[in-house]
Number of protein chains: 4
Amino acid sequence: MPGTESLVAGFRAFRATYFEQRPALYEALVKEGQHPEVLMIACSDSRVDPALLLNTQPGELFVVRNVANLVPPYQPGSHYHGTSAALEFAVRDLQVRHAVVLGHSGCGGMRALRALRRGIRPEREFITPWVSIAAEAGEQVEDGQSDAEAERAMEQAALQVSLRNLRSFPWVREREASGELMLHAWWFDLRSGELWAHDEAVGAFVRIG
Amino acid sequence: MPGTESLVAGFRAFRATYFEQRPALYEALVKEGQHPEVLMIACSDSRVDPALLLNTQPGELFVVRNVANLVPPYQPGSHYHGTSAALEFAVRDLQVRHAVVLGHSGCGGMRALRALRRGIRPEREFITPWVSIAAEAGEQVEDGQSDAEAERAMEQAALQVSLRNLRSFPWVREREASGELMLHAWWFDLRSGELWAHDEAVGAFVRIG
Amino acid sequence: MPGTESLVAGFRAFRATYFEQRPALYEALVKEGQHPEVLMIACSDSRVDPALLLNTQPGELFVVRNVANLVPPYQPGSHYHGTSAALEFAVRDLQVRHAVVLGHSGCGGMRALRALRRGIRPEREFITPWVSIAAEAGEQVEDGQSDAEAERAMEQAALQVSLRNLRSFPWVREREASGELMLHAWWFDLRSGELWAHDEAVGAFVRIG
Amino acid sequence: MPGTESLVAGFRAFRATYFEQRPALYEALVKEGQHPEVLMIACSDSRVDPALLLNTQPGELFVVRNVANLVPPYQPGSHYHGTSAALEFAVRDLQVRHAVVLGHSGCGGMRALRALRRGIRPEREFITPWVSIAAEAGEQVEDGQSDAEAERAMEQAALQVSLRNLRSFPWVREREASGELMLHAWWFDLRSGELWAHDEAVGAFVRIG
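Counting from 1, residues in each chain are numbered in the order their sequence is written. The order in which chains are written sets their letters, starting at A; the order in which ligands are written sets their numbers, starting at 1. Side-chain atom pairs in this predicted model are given and counted only at pLDDT of 80 or more, local residue features only at pLDDT of at least 70, and totals for whole chains, interfaces and linings cover all residues. Processing note: side-chain calculations cover all non-hydrogen atoms of the structure and skip hydrogens and water entirely.

Named according to an unreviewed UniProt entry, chain A is carbonic anhydrase originating from Azospirillum thermophilum. UniProt positions are given in the numbering used here, feature names are shortened, and annotations may be inferred rather than shown by experiment. What the UniProt record of chain A gives under Sequence similarities (unreviewed entry) is the line "Belongs to the beta-class carbonic anhydrase family." Under the heading Catalytic activity (unreviewed entry), UniProt records this for chain A: "hydrogencarbonate + H(+) = CO2 + H2O".

Below is the structure:
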C-alpha cells in the first residue's frame, strides 16, 4: 500500500500508547460508549485539525468536517444531509452541551465563494452549490480592503450565517433557549496563531487565545 | 464561556508549541498552502479521530467527518452535498493521491441503520435518510450472528458501499484508472485496538496494524 | 519482565513514531551526532522531567539529573565525580551555549537537608553528604516562615550555591566571561505550574512562565 | 534571555496542558507526592531521553542521568556521590520496584574510554576518572571488530559492570534477594531504533522492542 505506510506506522504508535501502555481510556470508551460534551463543526483543511488545535484526547470532541465548516439551513426531506445528520446525532442523541463552528484564515472554500462573486466559475459540480450556503457572507467585502481583510470579513460573516442556520433547526433552538446547549463561533488565524470568538454581547469577534 | 475553557487552554498549548516554540511548520503551511497527500473520510465519533489515531501532524490529512463515514453516490444537482464537495475539492483541487474511508467498530450510525431494518424508526429527520446510503449493508447480517459479528459485518459492508460510491464520481474513477489516486477502506476495532484494511485481491479485510 | 511491560510498550510507540513514521530526525542525529545548545542540570524527581516540562524533542537538551539538582564545587582529583564529568563533557566537548540549573518546589533532597539542620539524621550513607553541598542554603530559612516559604527559600538559595559552584570550574568561568556560555537558575513551582528564573540584575527570582 | 526563549515557550505548552487543561495529574502529584515504580539510570546524551524514549508521563520515572549511564561501586565516605545518593533515595526512600540501567549505541563516554585504552588522553579532569568506572568493559573489544561492533561490545559490557556495581550496595542486594527490587540492563540502538535487554538466563542481550 505505497504512500500510506507512514499512516500505518502512526497507527502503531497510537496502538502502543492507547492499547498497550495505557489501556484504561479506550476500555472505558468501549464499555461506556462516547459522551462528548462538544460538537465541533470544522473545516476539512489539513492545517486546522480540531484535535491538534485544541490538544484534545479521544472521546472529547464529536467532529463534523466539511469544506469551509458550513452548516446548511434546516431543510428536512429525503435528500442526503450529512452535516444535518451529524448535528442531529450530536444534539438529540449525544446531547452535547456546546456546538462550536470553527473557521479559519486562508479558507479555500471562502476563496472559491469570493471568486464566484467575481464571475470566476470553475467547472466544479459540488463545491459551487456547497459554498453558496454562505453566499451572503460575500456581501461583507468592502471596496478597498486588502485580500487578507476581505477574506477575514467573509470568513467571519460565514460563521454568523452558520450560527443562524444552526438556530433554524427546531431542536437546536429549543435547547439553546432552555440553556441546555450553547452555540459558539470561533475563528483561527493561521498566520498569527490566534484564536478569536464571536462575542454576541459585543457584536464582534474578540481574541480568546 | 463556561465549559469550553479547557479547549481554550488546549489551544494555548498548541499555540505555544506550533507558533512560539517551533514556528517553522505553520510558516510553511501559510506561505505554501496545504498539500496533503491523503483524503480521509472518517466518522464524527469522538473516539475515532484520524489525527490521533494515525499520529499525524498539521498539514498531512484533508479530513471529512460525518456520521458513519459515508460517501453518497454521485448526484450532481443544486442540493447541498457537503461530503461530495469535500471529495471534489480534495481530488480535483488538492489532487490527493490517496482516499481512505475509515470505519470503526461500535458505530452509532450503523446501529441506527440496523434498528431501522428491525422496524425501529426513531423520530430522526436527518439521520434516517443519511444512514440509508448504506442500506444494502444491512443485508450482510446473517441469522445467528452475535451483535458484535453483525455490527462488524454491516460496518465493513458499508465501507464497500462507500468505495463503490466513490467510484461513481467520474473524476475519481478516471484518476483511479490512471493510477493518480488510490482508494482504501480501513476499519478500526475500538475493542482490540486493531486496524484492518480491505484487500481487493483477497476480497476480504486483513489486519494491517 | 513483570512491571516494565508498559515501558516497553511506550518504547514501541516511540519507535513507531521516530523510526517508522518520521525517521528523518534520528537519521540526522546518528549521522551528525548530537549538538545540543543547552545543558540542563535537573532533579531526579519523577515530577520534574525536563523533556516533558519544556516540551523538547530528542537532541535538544543534554541532561544531568541528580538528587536536588546540585552542582558540587570544583574538586579535581581521582574520585568519581559524575556531575562534574557531565558538566565537563557538555561545556568542553559539546560546547553548549546555556547551562540551566532547574530546581523545583517540594524537593525531597532539600527536605532532607532541612531535617538535618533540625538534628534529624536518618541512616543514609550518600544522601546526607550529597545534599550538604547546599548546606548554607539552610541558613536562608527564617523564623516564622511557613513550611512552604522555608522550602522555597532553601530551594532558591541552593540554586544560587549551584550557580556559584558552576563558576568555580575554570573552563565554565572563562566561557561565561567570553560570552560563549550563559548560566541560568530556574525554579519550577509544582503547585501553581509557574516557572521562575533568577534575574541577576534584580537579585531575585522573577516569573518567566 | 536569548537562546532559551524556545524552552520557555515549551514550558507554556506544558503549563497549558498540565495545569490549565488537565490539572488532575499534578494536583495528585503535589498532594500525594511522587511514587515512581522505576529508577532509570540513563546517559546525559540528548538523543536518549528516557521520558521520550519510553513515552512516559510525569510521575512515572525517577531518573538519574550522567555520562555513559554509569553506576559507581559502593564506596561510602565523605565524598560527594551524586549517583549513589540518587540510588539510595530511590531504593531506600521511594522504594522503587525496578532499577533499569539504560545504555545506548554511539555513546560519547564509551568512546572516551576506548580512546583512553589506545593511549589518547585528552586534557579532561573529570571525564577520564568517571568513565574509568567501566574500565574493564574495554577488555571486551576484540581484534578485528568494526568500530560499531567494538562500541556495542563495550557499551553492553559497561552495563554489566553497572549491574554488578548496583549489587555492591548492601540495600540493593538485600532487596533484590527478597524480590522487592528487580535490576535490568537495557541498550538502545540509535541507528536501528531497537531496544535490547540483558537476559540473565541466556547470558546475553536479547531484543525486547
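Participant: Quick rundown of the relation of the copies chain D and chain C? Include the residues and the values.
Facilitator: A least-squares fit on C-alpha atoms brings the copies together, and the residues used are those whose pLDDT is at least 70 in both copies. Superposing chain D onto chain C takes a rotation of 180 degrees combined with a translation of 0.0 Å along the rotation axis, leaving an RMSD of 0.0 Å. Put plainly, the chains are arranged around a two-fold axis. Relative to the rotation axis, the closest C-alpha in chain D is found at arginine 65 of chain D, a distance of 2.4 Å. Contacts between residues were defined by any pair of non-hydrogen atoms, one from each residue, lying within 4.5 Å. Interface residue correspondence from chain D to chain C reaches 100%, placing this contact among same-surface, isologous pairings.

Participant: Explain the domain arrangement of chain A to me, using residue names and the numbers behind them.
Facilitator: Residue and element names in this part refer to chain A. Each assigned domain of chain A is listed here: domain 1 (1-33) and domain 2 (34-207). The C-alpha centroid of domain 2 is placed 29 Å from the C-alpha centroid of domain 1. Listed per partner, the contact involves six residues of domain 1 and four residues of domain 2. Joining two parts hides part of their accessible area as seen by a 1.4 Å probe, and the buried area is that hidden amount summed over both. Buried surface at the junction of domain 1 and domain 2, summed over both partners, amounts to about 420 Å²; 62% is from carbon and sulfur atoms. The three residues of domain 1 that bury the most area against domain 2 are Leu25, Leu29 and Gly33, which together make up 62% of that side's buried surface. Within this document, salt bridges are pairs made up of a side-chain nitrogen of Lys or Arg and a carboxyl oxygen of Asp or Glu, the two lying within 4 Å of each other. The interface formed by domain 1 and domain 2 contains zero salt bridges. Here a polar contact is recorded for every N or O atom pair within 3.5 Å, except that within protein the pair must consist of a potential hydrogen donor and a potential acceptor, and residues adjacent in sequence are included only if both atoms are side-chain atoms. Inspection of the domain 1/domain 2 interface yields one residue pair in polar contact (both at pLDDT 80 or more). What counts as a domain boundary in this text is fixed by an automatic or database domain assignment.

Participant: Tell me about the pairing of strand 2 (residues 61-66) of chain B, and please be specific about residues and values.
Facilitator: Residue and element names in this part refer to chain B. The buried label applies to any residue whose accessible area, calculated with a 1.4 Å probe on protein chains only, is under 20% of its type's maximum; exposed applies above 50%, and partly exposed to all values in between. Here a helix means four or more residues in a row that DSSP labels H or I, a strand means two or more in a row labelled E, and each is numbered from the N terminus. Of all six residues in strand 2, six are buried, a share of seventy percent or more. Alternating residues of strand 2 divide into Leu61, Val63 and Arg65 and Phe62, Val64 and Asn66, and every residue in both groups is buried. Sheet topology note: the strand 1 (residues 38-43)/strand 2 ladder contains six bridges and is parallel. Each bridged residue has a counterpart across the sheet, and for isoleucine 41 the counterpart in strand 2 is valine 64. When DSSP locates at least two bridges between a pair of strands, those strands are taken to pair.

Participant: Help me get a handle on the interface of chain B and chain A, residues and values and all.
Facilitator: Across the contact, 86 residues belong to chain B and 86 residues belong to chain A. Here chain B and chain A share an interface that buries about 7,700 Å² over both sides, 66% of which is from carbon and sulfur atoms. In this structure, the connection of chain B to chain A is made through three salt bridges. For aspartate 93 of chain B, the salt bridge identified is with arginine 124 of chain A, shortest N-O distance 3.0 Å. Inspection of the chain B/chain A interface yields 31 residue pairs in polar contact (both at pLDDT 80 or more). Throughout this entry, Asp, Glu, Lys and Arg are counted as charged residues, while Ala, Val, Leu, Ile, Met, Phe, Trp, Tyr, Cys and Pro are counted as nonpolar. The remaining residues, Gly among them, count as polar. A per-class count over the side of chain B that touches chain A returns 46 nonpolar, 25 polar and 15 charged.

Participant: Give me the interface of chain D and chain C: which residues, what numbers.
Facilitator: How big an interface is tends to be stated in terms of the accessible area lost upon association of its parts. At the interface, 86 residues of chain D touch 86 residues of chain C. Between chain D and chain C, roughly 7,700 Å² of surface is buried when both sides are summed, and carbon and sulfur atoms account for 65% of that area. The interface formed by chain D and chain C holds three salt bridges in total. For arginine 92 of chain D, the salt bridge is made with glutamate 125 of chain C, and the minimal N-O distance between the two is 4.0 Å. Grouping the amino acids of the side of chain D that touches chain C by side-chain chemistry returns 46 nonpolar, 25 polar and 15 charged.

Participant: Tell me about the pattern of salt bridges, and please be specific about residues and values.
Facilitator: If you walk through the whole model with that rule in mind, you get 58 salt bridges over all chains. Notably, a salt bridge pairs glutamate 20 of chain D with arginine 12 of chain B, separated by 2.8 Å at the nearest N-O pair. Remark: arginine 12 of chain B occurs in helix 1 (residues 5-21) and glutamate 20 of chain D occurs in helix 1 (residues 5-21); the pair is interchain, linking two chains. Since its relative accessible area comes to 27%, glutamate 20 of chain D is described here as partly exposed. Three or more residues are tied together by salt bridges with common partners; here these are Arg12 of chain A together with Arg15 and Glu20 of chain C.

Participant: Outline the pairing of strand 1 (residues 38-43) of chain D, supporting the account with residue identities and numerical values.
Facilitator: Residue and element names in this part refer to chain D. Among the six residues of strand 1, six are classified as buried, and the element is accordingly described as predominantly covered. In this sheet, strand 3 (residues 98-104) lies alongside strand 1 in parallel orientation, the contact comprising five bridges. Across the sheet, the residue bridging to methionine 40 is valine 100, located in strand 3.

Participant: Explain the layout of surface pockets to me, and be specific about the residues and the numbers.
Facilitator: Volume-wise, the largest pocket comes out at about 2,200 Å³. A cavity here means a set of points on a 1 Å grid, drawn over the protein atoms and nothing else, where a 1.4 Å probe fits but cannot get out; a pocket is an open set with protein on both sides within 12 Å along at least five of seven lines, and a residue lines either one if it has an atom within 4 Å of a point. As for the largest pocket, its lining consists of 50 residues, of which Asn55 of chain A, Asn55 of chain B, Tyr18 and Asn55 of chain C together with Asn55 of chain D are closest to the centre. Here the residues of the lining of the largest pocket sort into 30 nonpolar, 16 polar and four charged. Grid points are joined across faces, edges and corners, and a volume is the space filled by probe spheres set on the points.

Participant: I'd like a description of the UniProt feature "binding site: Zn(2+)" (unreviewed entry) in chain A, backed by residues and values.
Facilitator: All names here are of chain A. Within this numbering scheme, the UniProt entry marks Cys43, Asp45, His104 and Cys107 as carrying the feature "binding site: Zn(2+)" (unreviewed entry). Separation in sequence by 65 residues is not matched in space for these annotated residues, since their most distant C-alpha atoms are only 9.2 Å apart. Along the chain, aspartate 45 falls in the loop between strand 1 (38-43) and helix 3 (50-53). Residue classification places aspartate 45 among the buried positions, given a relative accessible area of 3%. One can find cysteine 107 in the loop between strand 3 (98-104) and helix 5 (108-117). With relative accessibility at 3%, the residue cysteine 107 sits in the buried group. Setting aside residues no more than four positions away along its own chain, cysteine 107 makes contact with Cys43, Ala68 and Glu155.

Participant: Outline the packing of aromatic side chains, listing residues and values.
Facilitator: Pairing of aromatic side chains requires ring centres within 6.5 Å, counting the rings of Phe and Tyr and the six-membered ring of Trp. Pairs whose planes differ by under 30 degrees are stacked, by over 60 edge-to-face, and all others tilted. Tallying each qualifying case throughout the model produces 64 aromatic pairs over all chains. Aromatic side chains phenylalanine 169 of chain D and tryptophan 171 of chain D sit 5.3 Å apart centroid to centroid with 50 degrees between the ring planes, which places their arrangement in the tilted category. Considered together, phenylalanine 169 of chain D and tryptophan 171 of chain D belong to a single accessibility category, that of buried residues. Chaining the aromatic ring pairs together yields one cluster made of Phe11, Phe14, Tyr18, Phe19 and Tyr26 of chain A together with Phe188 of chain B. Taking NZ or CZ as reference, arginine 152 of chain A lies 4.5 Å from the ring centre of tryptophan 196 of chain A, over its face. Ring-over charges, as used throughout, are those where CZ of Arg or NZ of Lys falls within 6 Å of the ring centre and within 35 degrees of the ring normal.

Participant: Would you mind going over empty space enclosed by the protein in detail, with residue names and values included?
Facilitator: Applying the stated criterion across every chain yields a total of 15 cavities of 30 Å³ or more. Taken as a whole, the largest cavity encloses approximately 120 Å³ of empty space. Lining the largest cavity are 19 residues, and of these Gly82, Thr83 and Trp130 of chain C together with Gly82 and Thr83 of chain D lie nearest its centre. Among the elements of the structure, strand 2 (61-66) and helix 4 (82-93) of chain C together with strand 2 (61-66) and helix 4 (82-93) of chain D are those that each provide at least two residues to the lining of the largest cavity. Residues that form the lining of the largest cavity fall into these classes: eight nonpolar, nine polar and two charged. By volume, the second largest cavity amounts to about 80 Å³. Taken together, 14 residues make up the lining of the second largest cavity; nearest its centre are Tyr80 and Gly82 of chain A together with Tyr80, His81 and Gly82 of chain B. For the lining of the second largest cavity, the secondary structure elements donating two or more residues are helix 4 (82-93) of chain A together with helix 4 (82-93) of chain B. Considering only residue class, the lining of the second largest cavity consists of six nonpolar, eight polar and no charged.

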